[in-house]
Number of protein chains: 2
Amino acid sequence: MERDQQPGGRPGRRPTLADVAAASGVSRALASIVMRGAEGAGEATRERVLETARQLGYRPDSRARLLRSSRTRLLGITFTVSEPFHGEIVESIYAAAEAAGFEVLLSAVGAQRPEARAVETLLDAGVEAALMISPSSGPADLAALARQVPVISLLSAAVPGIDAVRSDDAAGIRAAVQHLAALGHRDIAHVDGGDAVASAERRAAYEESMREAGIGECIRILHGGAHEADGIAAAGELLAGRRPTAVVAFNDRCALGILEAAWRTGLRVPDDLSVVGYDDSQLARLDHVRLTSVSQDAAGLAEAAVACAAARIRSEEPDGLVLQPALVVRSTTGTPPD
Amino acid sequence: MERDQQPGGRPGRRPTLADVAAASGVSRALASIVMRGAEGAGEATRERVLETARQLGYRPDSRARLLRSSRTRLLGITFTVSEPFHGEIVESIYAAAEAAGFEVLLSAVGAQRPEARAVETLLDAGVEAALMISPSSGPADLAALARQVPVISLLSAAVPGIDAVRSDDAAGIRAAVQHLAALGHRDIAHVDGGDAVASAERRAAYEESMREAGIGECIRILHGGAHEADGIAAAGELLAGRRPTAVVAFNDRCALGILEAAWRTGLRVPDDLSVVGYDDSQLARLDHVRLTSVSQDAAGLAEAAVACAAARIRSEEPDGLVLQPALVVRSTTGTPPD
DNA sequence: GTGAAAGCGCTAACAT
DNA sequence: ATGTTAGCGCTTTCAC
């Protein structure tokens with residue numbers, strides 16, 4: 001299979017569109033039409049060109065394509081490389097973008113690499129929109145950015161002028177409480193997120209859904225936080241004295257802390273205590289954890305974000321920016337003791 | 001700060017090098033020289049051009065630059081988005097690449113997106129080398145790829161014709177055993193990785209370092225695996241009957257399974273049992289785990305990989321492809337009981 | 001249906 | 001030290 005040197009081709013170089021055109025006896029323009037599947041080429045020609053392209057091992061040069069075409073069909077993503085959930089969304093964005101006819105350009109944010117830099121890279125590469133997962137830039141910076149290109153933020157609260165795709169936190173908490181109530185729980189406590197951003201909203205949703213379930217008098221909120229240690233600390237107070245039969249935690253890491261504390265205390269989960277997390281992270285799915293958790297639906301968020309970007313690029317108004325989370329029931333919830 | 005319309009500039013468009021050149025009264029070529037810091041421009045001119053560029057908000061268009069220059073100074077990375085350790089390496093690669101004067105292009109591999117596709121994207125974008133983190137492609141595919149561009153694999157065993165940057169597994173295991181032996185442990189068991197790739201090498205290293213430490217008669221190997229469940233299963237056997245005082249696990253997830261089992265059994269770690277993991281993953285660093293683990297030194301691997309790529313691009317032979325891992329001592333190891 | 005010509009924004013020889 | 005001249009590989013009118 002020696003084909004490093006096609007007839008007329010220059011040695012050692014990647015074949016170009018011109019090579020394909022020459023080899024199949026058409027003009028570059030026509031070859032271009034065929035390669036990108038545009039209309040304006042006869043069936044016979046199309047087949048012939050495609051066949052030579054294949055034989056030559058031709059692949060379009062994305063740099064040249066991007067440079068020339070006004071529509072780059074390129075979607076830029078900023079994400080934090082150390083956030084597992086960002087990874088899930090990124091993966092789903094690839095699928096959604098492909099379906100919508102877009103290419104994806106990734107730009108990681110990290111300790112070494114501020115978000116501003118990550119975004120600049122995307123802009124310089126000619127993306128038509130920037131999807132920013134949990135953007136850390138301030139509203140002013142985002143607004144400035146949004147003047148250059150449509151910006152869609154994921155997982156963050158709305159900022160004026162920026163489309164925000166996120167999931168309905170209140171609905172997620174409600175689903176958790178309703179699930180527990182349906183199992184027969186009445187003593188359902190909430191370990192909140194402390195100072196974390198979404199904490200207040202989730203706390204309010206907990207109170208409201210407890211009342212909706214007719215067990216408003218059982219409301220019990222403990223100060224928690226976003227990490228395992230917070231869950232462990234809260235569990236100390238929670239498991240001493242009158243113990244609830246179920247806990248809704250601020251997030252999975254907090255829930256994991258509660259689980260750890262419960263296990264060490266000798267409590268059986270879910271027989272003695274049911275625990276629900278939030279995020280449906282990798283942690284929740286670990287074989288030995290199998291935590292019931294509220295899933296933010298990475299695929300749904302990704303699709304909505306891509307659809308939103310596509311709409312903005314077409315200068316249309318997007319919609320469907322708020323996704324409904326779903327409760328994923330695993331092994332940490334069951335009927336209450338007795 | 002209205003500067004959407006600079007004099008002579010076209011409305012709503014990003015300023016180009018031509019705009020900068022015109023506005024500062026020099027030729028495009030000279031402006032180009034200044035912008036990329038090449039030599040051949042007077043100090044005064046340089047300042048003036050730079051100043052107008054700043055005023056205009058000019059940023060070079062990377063597509064055009066990439067297209068034109070033979071040296072794209074672009075490094076392509078394939079990584080798996082769901083692997084936390086890959087993320088760490090990616091972050092370090094950014095830093096290393098910048099120091100070496102390279103840009104980084106990320107291409108994610110996932111369930112939706114096979115590695116072959118991820119690599120093609122990189123090639124089409126004109127990368128000068130491909131760094132593949134834990135490549136999943138077969139030797140034949142890798143070899144074919146390596147004929148087009150230098151390929152450096154990270155974290156994987158060497159393949160003929162491909163440079164492999166990895167860490168010295170045997171040394172890592174040895175460090176773990178020596179650490180435990182130094183603490184006074186003699187009964188050090190090993191829960192291996194089952195069928196996992198690196199399992200055999202680590203198992204052999206365990207045996208050898210046990211003998212080196214003069215406790216060859218205490219060698220005890222249990223069948224494990226790469227996941228929590230494997231650790232839990234192995235722990236069942238391990239903790240019944242004559243219990244070792246310490247365990248070296250195949251990796252962090254396996255170690256976590258052992259920890260869980262120990263906690264549930266009521267054992268105190270490290271008072272009753274010391275546990276060492278491998279990978280120094282996020283899991284190991286969780287507040288409530290604080291697992292002593294062998295760190296693969298993401299930064300070192302990243303630097304070595306970038307240096308290797310740079311060498312290959314210059315048609316030189318790389319070296320320093322095998323990194324020494326380091327033991328990170330946390331809270332799961334201590335002196336043996338009694 | 002097909003081809004000729006004109007660039008996209010930039011860099012790199014080659015003049016001056 | 002500065003400017004001129006060609007393109008990189010591709011897409012996109014616009015003729016035929």
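Bear in mind that the values here come from a model prediction, so they are computed numbers and not experimental data.

## A closer look at the packing of helix α8 (residues 169-183) of chain A against helix α9 (residues 199-212) of chain A
Residues and elements named next belong to chain A.
Next up, step 1: In contact at an axis separation of 8 Å, α8 and α9 are set at 40° when each is read in the N-to-C sense. Taken as axis vectors, α8 and α9 run oblique relative to one another. Taken as a pair, α8 and α9 cross one another with a handedness that is right-handed. Two secondary-structure elements touch here, α8 through Asp169, Ala170, Ile173, Arg174, Val177 and Gln178 and α9 through Glu201, Arg202, Ala205, Tyr206, Glu208, Ser209, Met210 and Glu212.

## What to know about the sheet that holds strand β10 (residues 292-295) of chain A
Residues and elements named next belong to chain A.
Next up, step 1: Judged by pairing direction, the sheet is mixed, and its six strands sit side by side in the order β7-β6-β8-β9-β10-β12 without closing on themselves. Either end of the sheet is taken by a strand with one partner, and the two such strands are β7 (220-222) and β12 (326-328). Sheet twist, expressed as the average angle between the axes of neighbouring strands with direction ignored, equals 25°.
Next up, step 2: In this structure, strand β8 (residues 246-249) lies alongside strand β9 (residues 274-279), joined through three bridges in parallel fashion. Residue pairing for β9: Val247 is matched across the bridge by Val275.

## Examining the UniProt feature "domain: HTH lacI-type" (unreviewed entry) in chain A
Next up, step 1: Residues annotated by UniProt as "domain: HTH lacI-type" (unreviewed entry) correspond here to residues 15-69 of chain A.
Next up, step 2: End-to-end, the C-alpha atoms of residues 15-69 of chain A are 20 Å apart, and along that stretch the chain is 67% helix and 0% strand.

## Topic: the packing of helix α2 (residues 28-35) of chain B against helix α3 (residues 43-56) of chain B
Residues and elements named next belong to chain B.
Next up, step 1: α3 packs onto α2 with a crossing angle of 85° between their chain directions and a minimal axis gap of 10 Å. Taken together, the axes of α2 and α3 lie roughly perpendicular to each other. Residue-level contacts link Leu30, Ala31, Ile33, Val34 and Met35 of α2 to Thr45, Arg46, Val49, Leu50 and Ala53 of α3.
Next up, step 2: Grouping the constituent residues of the contact of α2 with α3 by class yields eight nonpolar, one polar and one charged.

## Some points on the relation of the copies chain B and chain A
Next up, step 1: Turning chain B through 180° and shifting it by 0.1 Å along the axis lays it on chain A, with an RMSD of 0.1 Å. Accordingly, the operation relating the two chain copies is best matched by a two-fold axis.
Next up, step 2: The share of interface residues of chain B whose copies in chain A are also at the interface is 100%, consistent with both copies meeting through the same surface.

## Things to note about the pattern of salt bridges
Next up, step 1: Across all of its chains, the model carries 40 salt bridges over all chains by this definition.
Next up, step 2: A salt bridge links A:Arg117 to B:Glu98; its shortest N-O distance comes to 3.4 Å. Residue A:Arg117 is located in helix α6 (residues 115-124), and its partner B:Glu98 is located in helix α5 (residues 84-99); the two belong to separate chains.
Next up, step 3: A:Arg117 gets classed as partly exposed once you look at its relative accessible area, which sits at 33%.
Next up, step 4: The shortest N-O distance in the salt bridge between B:Asp61 and B:Arg63 comes to 2.7 Å.
Next up, step 5: Linked by salt bridges that have partners in common, A:Arg14, A:Arg59, B:Glu120 and B:Asp124 make up one network.

## Concerning the interface of chain B and chain A
Next up, step 1: If you look at the interface, chain B gives 49 residues, while chain A gives 49 residues.
Next up, step 2: Summed over both sides, the interface of chain B with chain A buries roughly 4,100 Å², with 55% coming from carbon and sulfur.
Next up, step 3: On the chain B side of the contact with chain A, B:Arg63, B:Asp124 and B:His288 bury the most area, a combined 17% of that side's loss.
Next up, step 4: The tally of links between chain B and chain A comes to eight salt bridges.
Next up, step 5: In this structure, A:Arg59 engages B:Glu120 in a salt bridge whose closest nitrogen and oxygen atoms are separated by 3.4 Å.

## What to know about the protein's contact with DNA strand D
Next up, step 1: Taken together, 26 residues form the shell around DNA strand D, and within it A:Leu17, A:Arg28, A:Tyr58, B:Gly42 and B:Arg68 come nearest.
Next up, step 2: Within 4 Å of the protein, the contacting atoms of DNA strand D are 60% sugar and phosphate, with bases supplying the remainder.
Next up, step 3: Within the side chain of A:Ser32, one N or O atom sits 2.8 Å away from a phosphate oxygen of DNA strand D.
Next up, step 4: With respect to DNA strand D, the backbone of A:Asp61 contributes an N or O atom lying 3.3 Å from a phosphate oxygen.
Next up, step 5: Contributions of two or more residues to the surface near DNA strand D are made by α2 (28-35) and α4 (62-68) of chain A together with α2 and α4 (62-68) of chain B.
Next up, step 6: Across the surface near DNA strand D, the residue classes tally to 10 nonpolar, eight polar and eight charged.

## Side note on the environment of A:Ala205
All names here are of chain A.
Next up, step 1: Tracing the backbone through its elements, the reader meets Ala205 in helix α9.
Next up, step 2: The class for Ala205 is buried, based on a relative accessible area of 5%.
Next up, step 3: Expressed as a C-alpha distance, the spacing of Ala205 and Ala176, which sit 29 residues apart in the sequence, is 10 Å.
Next up, step 4: Ala205 has contacts with Ala170 and Ile173, leaving out every residue within four places of it along the chain.

Quick notes on the rules
Residues numbered from 1 in each chain as written. Chains lettered and ligands numbered in written order. Predicted model: local features only at pLDDT ≥ 70, side-chain atom pairs only at ≥ 80, totals over all residues. Heavy atoms only, no water. Axes fitted to C-alpha atoms, helices over the stretch in contact; angles between N-to-C directions. Helix = DSSP H or I, 4+ residues; strand = E, 2+ residues; numbered from the N terminus. Parallel < 35°, antiparallel > 145°, perpendicular 65-115°, else oblique. Left-handed = near helix turned anticlockwise from the far one by under 90°. Contact = heavy atoms within 4.5 Å. Pairing = 2+ DSSP bridges. UniProt positions renumbered as here; feature names shortened; annotations may be inferred. Nonpolar A, V, L, I, M, F, W, Y, C, P; charged D, E, K, R; others polar. Least-squares fit on C-alpha atoms with pLDDT ≥ 70 in both. Salt bridge = Lys/Arg side-chain N within 4 Å of Asp/Glu carboxyl O. Buried < 20%, exposed > 50% of the residue type's maximum accessible area, 1.4 Å probe, protein only. Buried area = accessible area lost by both parts, 1.4 Å probe. Near = heavy atom within 4 Å. Polar contact = N/O pair within 3.5 Å; in protein donor to acceptor, adjacent residues only side chain to side chain.

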